[in-house]
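An overview of the molecular structure
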Amino acid sequence: MSLIKSISGIRGTIGGPAGAGLTPVDIVKFTYAYCVKMRERLPHPDGRPYKVVVGRDGRLSGEMVEQLVCGTLVACGVDVIKAGYASTPTTEMAVTFSGADGGIILTASHNPRQWNALKLLNENGEFLNDEQGRAILECAESDDFDFADVDSLGHITEHDFTEEHLDAVLSLEYVDAQAIRSAGFKVVLDAVNSVGGIIMPRLLERLGVECVQLNCEVSGDFAHNPEPIPANLKDLCNAVVEHKADLGISVDPDVDRLALICENGEPFVEENTLVSVADYVLERAAADGVECLDTVSNLSSSRGLRDVTEKHGGTYRASAVGEVNVTTLMHQSGALIGGEGNGGVIYPASHYGRDAMVGVALFLSKLARSKTSVSALKASLPHYCIVKNRIDLSDKALIDKILDTVKDRFAHEKVNTIDGVKIDFEAERKWVHLRRSNTEPIIRIYAEAPSEEEAQALACQIKSIAESIISR
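Residues numbered from 1 in each chain as written. Predicted model: local features only at pLDDT ≥ 70, side-chain atom pairs only at ≥ 80, totals over all residues. Heavy atoms only, no water.

On to the overall build of the protein chain, then. For the protein chain, the helix and strand inventory stands at 15 helices and 20 strands. Computed over C-alpha atoms, the radius of gyration of the protein chain comes to 22 Å, within 12% of the 23 Å expected from 2.2 N^0.38 for 472 residues, which places it in the range of a compact globule. For the protein chain, the spread of C-alpha atoms along the three principal axes comes to 65 × 65 × 45 Å. When each of the 472 residues of the protein chain is scored for burial, the buried share is 58%. Put simply, 69% of the contacts in the protein chain that link residues at least 6 apart link residues at least 24 apart. Of the roughly 18,900 Å² of accessible surface on the protein chain, a fraction of 47% belongs to carbon and sulfur atoms. (Helix = DSSP H or I, 4+ residues; strand = E, 2+ residues; numbered from the N terminus. Rg over C-alpha atoms; globule rule 2.2 N^0.38 Å. Buried < 20%, exposed > 50% of the residue type's maximum accessible area, 1.4 Å probe, protein only. Contact = heavy atoms within 4.5 Å. Areas by Shrake-Rupley, 256 points an atom, 1.4 Å probe, with all protein chains shown as cover.)

Here the focus is the packing of helix H5 (residues 162–170) against helix H12 (residues 356–370). One way to put it is that H5 packs onto H12 with a least axis distance of 10 Å and a crossing angle of 35 degrees. Classified by chirality, the crossing of H12 by H5 is right-handed. For the pair H5 and H12, contact is made by His165, Leu166 and Val169 and by Met357, Val358 and Ala361, respectively. (Axes fitted to C-alpha atoms, helices over the stretch in contact; angles between N-to-C directions. Left-handed = near helix turned anticlockwise from the far one by under 90°.)

With respect to the helices and strands, the residue Asp26 is situated in helix H1 (residues 24–41). Under the relative-accessibility criterion, Asp26 is labelled buried at 11%. Along the backbone, Asp26 and Leu3 are 23 residues apart, and their C-alpha atoms lie at a distance of 8.7 Å. In this structure Asp26 touches Leu3, Ile10 and Gly21, once residues within four positions along its chain are discounted. Looking at Asp26, its side chain comes within polar contact range of the side chain of Thr23, at 2.9 Å. (Polar contact = N/O pair within 3.5 Å; in protein donor to acceptor, adjacent residues only side chain to side chain.)

Note: most residues except glycine have negative phi, and most peptide bonds are trans. At Val269, a residue that is not glycine, the phi angle is positive and equals roughly 85 degrees. With phi around 55 degrees, Arg429 is a residue other than glycine that occupies positive phi space. For Arg429, the location among the structural elements is in the loop between strand S18 (421–425) and strand S19 (430–436).

This part takes up the side chain of Ser250. Checked against the element boundaries, Ser250 lands in strand S10 (residues 247–251). Note on Ser250: relative accessible area 2%, which makes it buried. The residues contacting Ser250, other than those within four sequence positions of it, are Asp190, Pro228, Leu233, Leu236, Arg257, Leu258 and Ala259.

The next subject is the nonpolar core. Membership of the largest hydrophobic core comes to 58 residues, with the highest contact counts inside it found for Met200, Leu203, Ile249, Val281, Leu362, Phe363 and Leu364. Broken down by element, the residue count for this core peaks at 10 residues, all from H12. With sequence-adjacent residues up to four places away left out, Val281 is seen in contact with Tyr174, Leu336, Ile337, Tyr347 and Leu362. Counting 31 residues, the second-largest nonpolar core is a separate cluster that includes Leu22, Leu73, Cys76 and Leu120. (Core = buried A, V, L, I, M, F, W, Y, C linked by side-chain atoms within 4.5 Å.)

Moving on: the layout of surface pockets. Estimated volume of the second largest pocket: approximately 260 Å³. Lining the second largest pocket we find 14 residues, and of these Tyr316, Ala318, Lys414, Lys422 and Asp424 sit closest to its centre. Of all the secondary-structure elements, those providing two or more residues to the lining of the second largest pocket are strand S13 (316–319), strand S17 (414–416) and S18. In terms of residue class, the lining of the second largest pocket is built from five nonpolar, three polar and six charged. (1 Å grid on protein atoms, 1.4 Å probe; cavity = no way out; pocket = protein on both sides within 12 Å on 5 of 7 lines; lining within 4 Å. Points joined across faces, edges and corners; volume = space filled by probe spheres on them. Nonpolar A, V, L, I, M, F, W, Y, C, P; charged D, E, K, R; others polar.)

Mapped onto the fold, Lys422 is located in strand S18. Although Lys422 is buried, it forms no salt bridge, and the closest oppositely charged side chain is Asp424 at an N-O distance of 4.9 Å. Of note is the side chain of Lys422, whose polar atom sits 2.8 Å from the backbone oxygen of Leu299. The residues contacting Lys422, other than those within four sequence positions of it, are Leu299, Lys414, Val415, Asn416, Trp431, Val432 and His433. (Lys, Arg positive; Asp, Glu negative; His and termini not counted. Salt bridge = Lys/Arg side-chain N within 4 Å of Asp/Glu carboxyl O.)

Enumeration according to the criterion identifies 35 salt bridges in this entry. Here Arg306 makes a salt bridge to Glu310, at a shortest N to O gap of 3.4 Å. In this pair, Arg306 and Glu310 both sit in helix H10 (residues 304–311), four residues apart, roughly one turn of the helix. For Arg306, a relative accessible area of 15% puts it in the buried group. Shared partners join several salt bridges into a network, and the residues in it are Arg303, Arg306, Asp307, Glu310, Lys414, Asp424 and Glu426.

Okay, the sheet that holds strand S14 (residues 337–340) next. Taking strand neighbours across the sheet as the criterion, the four strands line up as S13-S12-S14-S15 in an open arrangement whose pairing is mixed. Each edge of the open sheet carries a strand with a single partner, namely S13 and strand S15 (344–346). Ignoring strand direction, the axes of neighbouring strands in this sheet form an average angle of 20 degrees. Strand direction decides the pairing type here: strand S12 (residues 295–298) and S14, joined by three bridges, are parallel. Looking at the pairing, Ser297 lines up with Gly339 of S14. Here helix H9 (residues 270–287) sits on the sheet and contacts S12, S14 and S15; the angle it forms with S14, its principal contact strand, is near 180 degrees. (Pairing = 2+ DSSP bridges.)

What follows covers the environment of Val169. Structurally, Val169 can be placed in helix H5. Assessed through its relative accessible area of 0%, Val169 is described here as buried. Leaving out residues up to four positions away in the same chain, Val169 has contacts with Val175, Leu203, Met357, Val358 and Ala361.

It is worth spelling out the sheet that holds strand S9 (residues 210–214) at this point. An order of S9-S8-S10-S11 is seen for the four strands of this open sheet, with the pairing classed as mixed. The open sheet has two free edges, formed respectively by S9 and strand S11 (258–261), since each of these has just one partner strand. The average undirected angle you get between the axes of adjacent strands in this sheet is 25 degrees. Relative to S11, S10 runs antiparallel, the two sharing four bridges. Bridge assignment links Val251 to a residue of S11, and that residue is Leu258. Along the sheet, helix H8 (residues 234–242) makes contact with strand S8 (186–190), S9, S10 and S11, crossing S10 at roughly 155 degrees.

See the structure below:
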């Protein structure tokens, strides 16, 4: 597998020859480039040292990558605050907690155990924008290194930010800790052998929730495919029923995505994570007289967020796919809440980043105050089904032709072209979104409708159009 470079960082598999994945050379080059561009972006006229927070998930290569990153930062004359095992949202918040100039998260998120990555943060603990990310990619390719002399090397300190993160979550206005404690909830937690096994049980304990732990040892040897989707959570579903729990909770290795399981062992559906939490926050905010009740998610996320937003009198907006695109639009619109349909809740009252701890605390607040079951709560939400498909191409040149054809074919519908082509069939409450892959000759197809049959039929219709172009 080759190295994958993007504006948010680099990722790849560990091991093998140069060019085959994420190597020590790549790690040094990109860490160095990050330092160069950080200094250009944030000049220190007073000469004070730069500080960068480094946190990592629990995967097997984490310690090795951490040593390379921290050593390179020190060699660049940058002081390191080593957060050790830390979730992605913890590292993001640690940047602002410590007044650092940036942060580097060592995680490949939901990718399998052989993967790792460097995710790059600005001084606000948010992902770099497109321009900043591209500048780092260009700098890394220059191979022009100039390290600090022996008297100007950086220093390493260690700090665990877990409790500070949890304090911040529990202090959020709409986290009703008293109602949660009174409800006496019992949950089963699957932390897939990564840092969720450290922070999530502490959060649940502080909320008075009984927690049955599943795969909570931080070994990095993931017990199953770490992406928190139903196909990978069968053991959690069974455990919820076996332990007669009120809820199942699953997080990915860096704890920015949240998937839930109903008390009957059925998936809550990851798209419903954001929809349900947003519905709760919007309801509370509307009752408090908050004026801005706006929300944001990406184009491939469920229409359910739009439905609950409009129900409470707010305005929904859609961004291009990618967390930085969501947060950018949230900043611009002053959105109350937003996120991504993969279980990523972004709540600006906490910080501009996906955070499973925030998602759990707000969801449990909604559940406790509603005095109902998770399955009943699910039934109360707008009902949609999303299907995901793809078109494999032998020629990348066909991608634009297919996208243009689909756009023209459905020009009479609501069309959005900020990220591929999305066709919104308003009257039928369904949509289809076509996006090109950044790394392969592939078009990804996402379709949503009130039923799975309708969504599949829509996806098949689009594939049929594409296949007719390919066969010419």
